[in-house]
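A look at the structure
Here is how the chains run, residue by residue.
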Amino acid sequence: VPRLSAPTIINAFFDILSYDWVARGLKDLQFAIDSLRKKLPFIPFEKLENMYVLIKTFLEENVKQRMDDMSKIQRAEVILQPPGRCVHFYRDGNGVSGQIMECDFFDSIEI
């Protein structure tokens, strides 16, 4: 596991936020609409098509613009933590948390 610094984590965060997932999201939305049409054929096609166009417009005009803005943010200079310190990521029951700690914490495993 590489030793990470706060700027490295922030850069990764910006990279994730700037990832253009809109095309894949629209593909997933189309799949969901097709599934709805098969399972609930009484919903008019025009309603589903209007929903698709509305969501597509929102994603392309709002979300995609923010992703473009994130991709233009200047990334921080990457530095490594000095040996002996590391970022420990762990699940805390609600999500993932992280903490910078001494690496000697992981010298042994309790069984």
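Before reading further, recall that the structure is shown in the block above.
Read on for a plain summary of the structure. Treat the numbers as computed from the prediction; the structure is a model and nothing was measured.

Right, let's talk about the packing of helix H2 (residues 22–39) against helix H3 (residues 45–71) for a bit. Between H2 and H3, whose axes approach to 10 Å, the crossing angle comes to 165 degrees. What the angle tells us is that H2 and H3 run roughly antiparallel. In this structure, the crossing between H2 and H3 has a hand that is right-handed. On H3, the residues touching Val-22, Leu-26, Leu-29, Gln-30, Ile-33, Leu-36 and Arg-37 of H2 are Phe-45, Leu-48, Met-51, Tyr-52, Ile-55, Lys-56, Leu-59, Glu-60, Lys-64 and Met-67. Of the residues in the contact of H2 with H3, the class split is 12 nonpolar, 1 polar and 4 charged.

Mapped onto the fold, Val-78 is located in the loop between H3 and strand E1 (85–91). In this structure the C-alpha to C-alpha distance between Val-78 and Ile-10, which are 68 residues apart in sequence, comes to 9.7 Å. In this structure Val-78 touches Thr-8 and Asn-11, once residues within four positions along its chain are discounted.

Ranked by size, the top nonpolar core spans 9 residues in total: Val-22, Leu-26, Leu-29, Ile-33, Leu-48, Tyr-52, Leu-59, Val-63 and Met-67. The biggest single contributor to this core is H3, with 5 residues.

Rules used throughout
- Residues take numbers from 1 onward in each chain, read along the sequence in its written order.
- It should be noted that, the model being predicted, local features are given only for residues of pLDDT at least 70 and side-chain atom pairs only at 80 or more, the latter also being counted only at that level, while totals for whole chains, interfaces and linings use all residues.
- With hydrogens and water stripped out, all remaining heavy atoms of the structure feed into the side-chain values.
- In this description, a line fitted to the C-alpha atoms serves as the axis of each element, helices being fitted only across the stretch in contact, and the angle between N-to-C directions of two axes falls anywhere from 0 to 180 degrees.
- What counts as a helix is a DSSP run of H or I of at least four residues, what counts as a strand is a run of E of at least two, and both are numbered from the N terminus.
- Oblique is the label for every angle not falling under 35 degrees (roughly parallel), over 145 degrees (roughly antiparallel), or within 65 to 115 degrees (roughly perpendicular).
- Crossing handedness: left-handed means the near helix sits turned counterclockwise from the far one by under a right angle, and right-handed means the same turn made clockwise.
- Two residues qualify as a contact provided that any one of their heavy atoms is within 4.5 Å of a heavy atom in the partner residue.
- Gly is put with the polar residues, along with every residue not named as nonpolar or charged; the nonpolar set is Ala, Val, Leu, Ile, Met, Phe, Trp, Tyr, Cys and Pro, and the charged set is Asp, Glu, Lys and Arg.
- Residues grouped as a nonpolar core are buried Ala, Val, Leu, Ile, Met, Phe, Trp, Tyr and Cys residues, joined through side-chain atoms within 4.5 Å.
- Each residue gets one of three labels from its accessible area relative to the maximum for its type: buried under 20%, exposed over 50%, partly exposed in between, using a 1.4 Å probe on protein chains only.

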